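# Topology and contacts: notes
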Amino acid sequence: MKADTGHYDYWPYLDRPKIRWPNGARVAFWVAPNIEFYELAPPVNPARAAWPHPYPAVPGYSIRDYGNRVGHMRQMQLLDKYGVRGSISLSTALCTHHPEIIEMCRERDWEFFSHGIYNTRYTYGMSETQERAMILESIETIAEHTGRAPAGYLAPALSHSDHTLDLFAELGGIYSCDLFHDDQPTPLRVRGGQRFVSVPYSLELNDTIAYVVNKIEPRRYGQMIKDSFDRLYAEGAESGTVMCIPTHNYQVSCPHRIKAFEDALAYITGHSDVWVTTGREIAEHFIAHHHDEALADIAKKNGGL
Amino acid sequence: MALAQAHLDYPHRRYGMDHDRYGWSMLTDRPPVRWPGAKPLAVWINVSLQHFPMNPSASLKLAGSMTMPYQDLRHFTLRDYGNRAGIYRMLRALDLHGLKASFAVNAELAQRYPSLLATLVARGDELLGHSWSMDTPHAGGLDPEAEAALVQRSLACLRERSGQLIRGWLSPGKLQSPHTPELLKAAGIDYFCDWVNDELPYRFHTANGDLWNLPLATEIEDRFVVMDNLHAEASWAEQVIDAFEMLLAEARQEQGGRLLSLSLHPWVMGQPHRIKHLETVLAHIAASSEVWQAAPGQIIDAFASQQAQAST
């Protein structure tokens, strides 16, 4: 096991080359709805159990199914209302299970990125060949059902191997959502040397982390989102920042939580100088305009050149 | 290092669900629902009346069960508090606001405290089966014959002592074994409340014929919010009111008919420092003229009759 990911070098959040977003925006703001399928009876991964209860795990399975049956439409209508195109972190088996959801998101020109095939299939224990096959199949499924191969990857259930990012870069991807080390995009080192970047997603503002792990009250979650935005907006006057709200249709869309989310969305989109965008567009803009300059600055600050 | 090939096979990847218990359907694709009196929002309040034995034997411990070495007097008596004091405080609050609740009752509790059961029966409120006790989870691995006997014993006890038909069922901890739906259907249950994947009733398939699933939301229940998430009581009340207003706004739209299900536990919300927050919620519900406040059996009947019309 490695002691460090090895994908990036230290790069202080200080005196970096200025990031300029389109139209002089301060913050690139994106919402990443995770649209997931959890299996009722997945094969049991040796490293991690999918469910806390024996088969059938009704409590865990049924609330996640709620997300697709009820929650998705609620969140989609809200994002429509505030002019946000979602960047979907997709369990690609959902293309087969629930094609209606895929079609609605496609009509809205939402982005689809890969989140593996099922969120109950973990990367742990896979050989490199197996992981490559799984990632490739997820890419091909998205291309087939949406007409475009995904640019981004978030490993299923945040389960990784030593080669996850290398493999995705080799298979044509340009960005990862798996790293939480920064508020700006950063170049990532992958073994094939592809131009590959981290686009800030967020663990702290991820609704499942907020609600399930950190057990935060809905209105406090809304306030956290606003506070996060205020700071990134202020700092973005100096150099463009990224803010992401990762969501789950079985968390944020529950009737007792969606008001707080709507308040936060209304607040953010009520500001000028916000680039309401997608993960892919952030990655493409950064690679086209800032990637090489960033690499040079990182090298300089680590004693090179 | 590699996983067995089964980890990369996807035998249930197909249209709809990965099992045959119910069909795939998005809430917004359903026929319109109209509740009695042209009220847009149905509100169902369920109170779970539970017995947690001090000497639990089930390998799976449900939330609220004993956690200390025997004798766990603190938890045994704190749960018992709900059935002695908390429930009566809660009944007064309901009556004060003119609201009705259904009661899911562990059969052992009905047997232990006949006067409590008599109070509920005299109120005329609907009772639901809730298995024998909080030490009898219907979890996977339970022997099917033992589970059949458990269902029979629980329902027979509650039916005999209450004189009610008992059409509804709430499994302790909302856990089911692979056999629970068949056993409940065979025992004359019309609906259960265990699968929280929807906000309206839907048909659930069993080898003995269909029954209804009427979801009783977990994410907003008192125990989950206050005891698991450790949110302040005032936050719980705010969350319920936010949910109420959100569902009501949606219910006023063309498709209509939404349902707020509210799950309560007297050992949680019946405490003196919490009851006023329940009263805040009840007052908010009672103040609305757009609510059909109903028992779960009434909701099933109203919904089922419309579904029958919609399909003819």
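For the structure, see preceding data.
From a predicted model like this one, the values you see are computed outputs, not experimental measurements.

### A few points about the overall build of chain A
Per the secondary structure count, chain A includes 10 helices and 9 strands. If you line up chain A on its principal axes, its C-alpha atoms span 60 × 45 × 35 Å. Counting across all 305 residues of chain A, residues that qualify as buried make up 54%. Sequence separation of at least 24 residues holds for 76% of the intrachain contacts in chain A that already meet a minimum separation of 6.

### So, the overall build of chain B
The helix and strand inventory of chain B stands at 10 helices and 9 strands. A globule of 312 residues ought to have a C-alpha radius of gyration of about 20 Å, and chain B, at 20 Å, matches this closely. Projected onto its principal axes, the C-alpha positions of chain B cover 55 × 50 × 45 Å. Across the 312 residues that make up chain B, the buried fraction comes to 49%. Across chain B, every contact between residues at least 6 apart in sequence was considered, and the portion connecting residues at least 24 apart equals 72%.

### Brief notes about the interface of chain A and chain B
Counting residues at the interface gives 39 residues for chain A and 46 residues for chain B. If you list the elements that add at least two residues to the side of chain A that touches chain B, you get helix 1 (58-81), helix 2 (94-97), helix 4 (128-146), helix 7 (218-235) and helix 8 (258-269) of chain A. Tallying contributions element by element places helix 1 of chain A first for the side of chain A that touches chain B, with 9 residues. Split into classes, the residues belonging to the side of chain A that touches chain B amount to 20 nonpolar, 10 polar and 9 charged.

### Structural notes on unusual backbone geometry
The omega angle of the peptide bond from A:Y55 to A:P56 is -5 degrees, so this bond is cis rather than trans. Relative to the assigned elements, A:P56 resides in the loop between strand 1 (27-35) and helix 1. A cis amide bond links B:Y70 with the next residue in sequence, B:Q71, at an omega value of 0 degrees. Note on placement: B:Q71 falls in the loop between strand 1 (41-49) and helix 1 (73-96). Of note, A:N23 is a non-glycine position whose phi angle comes to about 60 degrees, a positive value. With respect to the helices and strands, A:N23 occurs in the segment before strand 1. Even without a glycine there, the phi angle at A:D273 is positive, about 60 degrees. Within the element layout of this structure, A:D273 appears in the loop between helix 8 and strand 9 (274-276).

### Here we look at the pairing of strand 2 (residues 87-90) of chain A
Residue and element names in this part refer to chain A. Taking every second residue as pointing to the same face, both faces of strand 2 are buried, with S87 and S89 on one and I88 and L90 on the other. In this sheet, strand 2 lies alongside strand 1 in parallel orientation, the contact comprising 2 bridges. Bridged to N34 within strand 2 is S89. Read as a crossover between parallel neighbours, the route from strand 1 over helix 1 to strand 2 is right-handed. Pairing geometry for strand 2 and strand 3 (residues 111-114), over 4 bridges, is parallel. The residue bridging I88 from the neighbouring strand is F112, located in strand 3.

### Comments concerning the nonpolar core
Core analysis: the biggest nonpolar cluster contains 162 residues, and A:A28 and B:A42 have the highest contact counts within it. No other element matches the 8 residues that helix 7 (residues 233-251) of chain B contributes to this core. Once residues within four sequence positions are removed from consideration, A:A28 is found in contact with A:W21, A:G240, A:V242, A:W275, A:T277 and A:I282. In terms of nonpolar packing, the next biggest core, distinct from the first, is built from 5 residues, B:F52, B:L62, B:F76 and B:M134 among them.

### Some words on the environment of B:R30
Residues and elements named next belong to chain B. Along the polypeptide, R30 turns up in the segment before strand 1. Taking the number of C-beta atoms within 10 Å as the measure of exposure, R30 has 15 and is therefore partly exposed. For R30, the contacting residues outside a window of four places in its chain are S25 and L200.

### As for the pairing of strand 1 of chain B
Residues and elements named next belong to chain B. Buried residues dominate strand 1, accounting for 9 of its 9 residues. Bridge count for strand 1 against strand 9 (residues 291-293) is 3 bridges, and the pairing is parallel. Looking at strand 9, one finds that L41 is bridged to V291. Across 7 bridges, the pairing between strand 1 and strand 8 (residues 258-264) is parallel. What sits directly across from L41, in strand 8, is R258. Of the strand pairs in this sheet, strand 1 and strand 2 (residues 102-105) are connected by 4 bridges, and their pairing is parallel. If you follow N46 over to strand 2, its bridge partner there is S102.

What counts and how
Residues numbered from 1 in each chain as written. Chains lettered and ligands numbered in written order. Predicted model: local features only at pLDDT ≥ 70, side-chain atom pairs only at ≥ 80, totals over all residues. Helix = DSSP H or I, 4+ residues; strand = E, 2+ residues; numbered from the N terminus. Buried ≥ 20, exposed ≤ 12 C-beta atoms within 10 Å, placed from the backbone. Contact = placed C-beta atoms within 7 Å. Rg over C-alpha atoms; globule rule 2.2 N^0.38 Å. Nonpolar A, V, L, I, M, F, W, Y, C, P; charged D, E, K, R; others polar. Pairing = 2+ DSSP bridges. Right-handed = clockwise from strand over helix to strand, strands pointing away. Core = buried A, V, L, I, M, F, W, Y, C linked by C-beta atoms within 7 Å.

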